[in-house]
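Coordinate analysis (summary)
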Amino acid sequence: SSAITKSTKIVLNLESLGSLPADEAGPLARYASTIQAQRHDYNGKVLSIRTEDLKSLAIIYDMSPDELTTRLIEWGVLSPGADGSIYTDED
Ligand code: C2E
Ligand code: C2E
Ligand code: C2E
């Protein structure tokens, strides 16, 4: 079964995102910047995004949503929850 369910809360760690190489993280960083601009939400350490946005990002990265989730965890942008849900609690 998929690791991404409708109730999964996707919370990006913006500090980790900002320290990644641009050639890999660039599309994700631009997507997050666009959401921040649309919300006028510029000062957060984290950014909650829509589950639908993860599906769009997976298309951009030519991966399945689960594969992209695994990559984001490897990058330190997402933390894996104990129950398989995705969140960050590093603050
Ligand atoms: P919109 O989709 O028409 O949403 C209008 C407003 O409804 C948002 O204003 C927000 O106050 C609220 N809203 C909509 N969906 C949610 C939700 O799932 N959770 C929460 N907490 N509030 C929600 P806001 O934040 O100023 O965003 C303005 C517009 O920017 C949105 O209009 C949408 O077009 C875009 N946007 C903002 N954040 C996202 C995002 O994470 N993903 C996408 N795809 N678009 C976003
Ligand atoms: P939460 O969703 O678990 O978020 C915990 C904290 O992470 C937030 O504390 C905030 O400091 C940060 N955070 C999470 N997502 C974002 C984001 O997209 N942008 C920014 N800038 N920071 C983010 P905070 O603000 O004190 O909120 C505490 C709780 O209050 C949140 O827990 C959530 O349950 C609720 N909450 C706050 N704002 C909203 C909102 O606009 N919509 C909804 N539905 N709940 C909200
Ligand atoms: P979701 O669409 O997967 O969104 C997950 C979280 O991303 C939201 O948690 C919120 O923290 C953030 N988010 C998404 N879109 C926006 C936006 O336009 N503006 C802002 N400021 N934050 C956004 P939240 O608020 O706890 O909502 C949980 C779920 O409830 C959402 O999951 C969505 O399925 C539903 N929901 C909440 N508000 C709305 C809404 O206004 N319209 C719709 N269609 N669904 C909503």
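Please read these numbers as outputs of a predicted model, since none were measured by experiment.

**As for the overall build of the protein chain**
Across its full length, the protein chain holds 4 helices and 2 strands. When its helices and strands are written in sequence order, the protein chain yields β-α-α-β-α-α. Counting over 91 residues, the protein chain shows a buried share of 38%. Approximately 5600 Å² of the protein chain is accessible, and the part contributed by carbon and sulfur atoms is 49%.

**What to know about the site of ligand 2**
Around ligand 2 sit Lys9, Arg39, Asp41, Gly44, Val46, Leu47 and Ser48, and those are all the residues in its vicinity. Here a nitrogen atom of ligand 2 and a side-chain polar atom of Asp41 are 2.6 Å apart. In the model, a nitrogen atom of ligand 2 is placed 3.3 Å from a nitrogen or oxygen of the Val46 main chain. A total of 780 Å² of accessible area belongs to ligand 2 in isolation, and the protein chains cover 26% of it. The greatest single-element share of the shell around ligand 2, amounting to 3 residues, is contributed by strand β2 (residues 46–49). A per-class count over the shell around ligand 2 returns 2 nonpolar, 2 polar and 3 charged.

**Regarding the packing of helix α2 (residues 22–39) against helix α3 (residues 51–60)**
It is at 10 Å that the axes of α2 and α3 come closest, and there the two elements cross at 150 degrees. Note that α2 runs across α3; the crossing there is right-handed. Of the residues in α3, those touching α2 at Pro27, Leu28, Tyr31 and Ile35 are Asp53, Ser56, Leu57 and Ile60. Considered class by class, the residues forming the contact of α2 with α3 number 6 nonpolar, 1 polar and 1 charged.

Here is what the cut-offs are and how they apply
- Residues numbered from 1 in each chain as written.
- Chains lettered and ligands numbered in written order.
- Predicted model: local features only at pLDDT ≥ 70, side-chain atom pairs only at ≥ 80, totals over all residues.
- Heavy atoms only, no water.
- Helix = DSSP H or I, 4+ residues; strand = E, 2+ residues; numbered from the N terminus.
- Buried < 20%, exposed > 50% of the residue type's maximum accessible area, 1.4 Å probe, protein only.
- Areas by Shrake-Rupley, 256 points an atom, 1.4 Å probe, with all protein chains shown as cover.
- Near = heavy atom within 4 Å.
- Polar contact = N/O pair within 3.5 Å; in protein donor to acceptor, adjacent residues only side chain to side chain.
- Nonpolar A, V, L, I, M, F, W, Y, C, P; charged D, E, K, R; others polar.
- Axes fitted to C-alpha atoms, helices over the stretch in contact; angles between N-to-C directions.
- Left-handed = near helix turned anticlockwise from the far one by under 90°.
- Contact = heavy atoms within 4.5 Å.

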